Structures are given as C-alpha cells and as structure tokens.
Amino acid sequence: MIRVNTGKFCVQCLGLVCVCVITVVCATEGGGSNYLPGFYGDFAMGSMPGKGSYFTNFMTAYQDKTGKTATLIELPSLVQVTDYKILGGNYIAGIYPGINITKDYTGRNKQDRLGAADAYLMPLAVNWQWEHFSALFYEGIIAPTGYYAKGAVNTSRNVWTFDHILSLTWQLPADNEVSTTLGYMNNLKNSATGYSSGDELHFDYLLGHYFNPQLAMGLAGSYYQQITADHAPSSILAAMPSEASSIGPALMLTPHLLARDVIFSVKWLHEYNVQGRIAQDYLVCRVFFAF
C-alpha cells in the first residue's frame, strides 16, 4: 500500500480553510454564502504536514448554468504548523487573504469588480495522526475585509462567519483512501443592511486511489444545506433556505521542483439537486509547497 506522506499530501487540508465570498454562490442574503462547494474536500483532508511554514495558492473559476455570471478567485495563503501539543495533537494556525474577480456576462449591466475578498482566519487548529487514520479539528473565522456597498458588485458579503470543522481521513488497503469533512457555519448580521443570514451545514468527501506517490485520482463531492432561516428587516424580502450537492473528478500530482515537493491539485465539480438558487459548475486548482 502507498502510504500518504502528510508532509507532502497536505494541500487539501489547507484548502479546507480557504473560502472566499461571492454573492452568487449559495443561500442566505443576496443568494450568497461563505461556503464554496468542494473547497473543504480533497486528498488526505484530515492530515497536516510536519512542523514548518507552508505556502499554498488556491484558484477557482465558476459560472452559473445560465451562462450569465462568472467569477474567478485566488487565495494566496500562509500556514504555520507547530509541535506544540493540545490534547495530544499538533497546534496549527493560518491566514488566508483573498482576491476576487467577478463579471456579469449578460450584456445588460456589464459590471466588473476586482479587489480584496474576505479573509479566512484560522487561529486554532489541532491535528491528530495515527497509523491509518487522522483527524483535523479547527475553528475558522471569515472576516469582512473585502469591498462591500449596498447595491454594488461586491467582493465581500460584509458578514462575520464562524466555521466549526472536523475532517477525517482513512488510509485503506490497495492504495485507497476515504476522506470526509463536516462543517457548521454561524453567520452574524450584515451591519450595512441589518440582514441576519441563517446557519449552514456543509459536508465534503473524496474517494481516492494512489497510483504511486506522485499521482492520485479520485471522486470528490459535497452537500450543502441552510439549517436555520434568515431574519431580514421589514424592507427586505428574506431569501428561501437552499440546498445543493456537487460531484466530480479530482487529480493530484506531486512533482519534485526547485529542491522541494510541489503539490498540484485540480477538481471539476458539477452541482445537482439545487434548490433555492442558481446551480454552478466549479473548477478548483491548488498549489502547495514548504518554504
């Protein structure tokens, strides 16, 4: 069996905590969410690398299935893994600023926006690793650092979100793997509109096979549901709670470049069973290395 080297195959875990805000993705105010399908699910998502400093860059492009709106996101990120122990696991911290590009292709508005997106802060993460099983628990905080103005094309939702995450990875016989992530999001009120978005549940998974230490393929997917209702001022119509699933292929390559292992990961996710919003298709790419 090919054993997953957690010092090499950790891009997925860093990806768990890299979520950028756009106003066209999920439920809650304006049809938006701080959850992006597939970002929490990848190879060995319950594992993290050894002590050190790591850089990862996340890029995604997605378009609604009406072909009217497309969005690009890039999130350069820094993560520090320590050997400080909490309940027997390693303490980890990270910060994930984001850049957002969004464009309306309808021909009517022709609105574009390029700018800083909301940052994802990870002040507390703990990783436990055993022989064939690993677990990662962390608390994520999405801070409204991006551009926001009422009625504008925004790169922020202007909402503080607290994201509670547990990821698990099982290394199975015959070079196979099962990884899952369960998360629950609490959203605070938008101070500009007075709108309070409901809580959100998200579940991501990946079934993977390692052909060798440098090549893995798998099937990734997600499930999302808004759990509690929105609360809106009397002048605003509250959005209907939404639900969606996604599925698609995943590929990971680990070449040795510039005297280090560099991880490239790519996924394509197709949404289905979508209720309460417009369905999307997603292309998600990641690059990861130690420095």
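Refer to the preceding data block for the structure.
### Things to note about the overall build of the chain
The helix and strand inventory of the chain stands at 1 helix and 14 strands. Classification of the 291 residues of the chain by burial places 51% in the buried group. Sequence-distant contacts in the chain: of pairs separated by 6 or more residues, those separated by 24 or more amount to 64%. When the accessible surface of the chain is summed, it comes to about 12,000 Å², and 64% of that surface belongs to carbon and sulfur atoms.

### Points about the nonpolar core
Within the largest apolar cluster, 37 residues are counted, with the highest numbers of intra-cluster contacts made by Y40, F43, I92, Y120 and Y138. Per-element tally for this core: the top contributor is strand β2 (residues 69-86), with 4 residues.

### A closer look at the side chain of S33
As for its placement among the helices and strands, S33 is situated in the loop between α1 (11-16) and β1 (52-64). Residue S33 is classed as buried on the basis of its relative accessible area of 1%. Looking at S33, its side chain comes within polar contact range of the side chain of E200, at 2.6 Å.

### Here's the deal with the pattern of salt bridges
Applying the stated criterion across every chain yields a total of 2 salt bridges. For K51, the salt bridge goes to D83, with nearest N and O atoms at 3.7 Å. Of this pair, K51 sits in the loop between α1 and β1 while D83 is found in strand β2, placing the two residues 32 residues apart along the sequence.

### Quick look at the packing of aromatic side chains
In the structure shown here, the tally under the stated rule is 9 aromatic pairs. Both rings, one in Y35 and one in Y224, keep their centres 5.6 Å apart while their planes meet at 5°; by these two values the pair is stacked. One end of the pair, Y35, is in the loop between α1 and β1; the other, Y224, is in strand β9 (residues 215-226), and 189 residues separate them in sequence. As far as the burial class goes, Y35 and Y224 line up, both buried. Members of the aromatic cluster, each reached through a chain of ring pairs, are Y35, Y40 and Y224.

Rules used throughout
- Residue indices follow the written sequence of each chain, beginning from 1 at its first position.
- Whole-chain, interface and lining totals are the exception, using all residues; otherwise, since this is a predicted model, local features are given only for residues with pLDDT of at least 70 and side-chain atom pairs are given and counted only at 80 or more.
- Side-chain metrics rest on all non-hydrogen atoms present in the structure, leaving aside hydrogens and water.
- Strands here mean DSSP runs of E at least two residues long; helices mean DSSP runs of H or I at least four residues long; both are numbered from the N terminus.
- Only protein chains enter the calculation, and the probe is 1.4 Å; a residue is then buried if its accessible area is under 20% of its type maximum, exposed if over 50%, and partly exposed in between.
- The criterion used for residue contact is that any of the two residues' heavy atoms lie within 4.5 Å.
- Accessible surface area values rest on a Shrake-Rupley calculation with a 1.4 Å probe, where residue burial reflects the displayed protein chains alone.
- As used in this record, nonpolar core signifies buried Ala, Val, Leu, Ile, Met, Phe, Trp, Tyr and Cys residues forming a set joined through side-chain atoms within 4.5 Å.
- The term polar contact refers here to a pair of N or O atoms within 3.5 Å; inside protein, the definition further demands a hydrogen-donor-capable atom paired with an acceptor-capable atom, and it admits residues adjacent in sequence only when both atoms are side-chain atoms.
- We define a salt bridge as a contact between a side-chain nitrogen of Lys or Arg and a carboxyl oxygen of Asp or Glu at a distance within 4 Å.
- Stacked, edge-to-face and tilted labels apply to pairs of Phe, Tyr and Trp rings (six-membered ring for Trp) whose centres lie within 6.5 Å, assigned for plane angles under 30 degrees, over 60, and everything in between, in that order.

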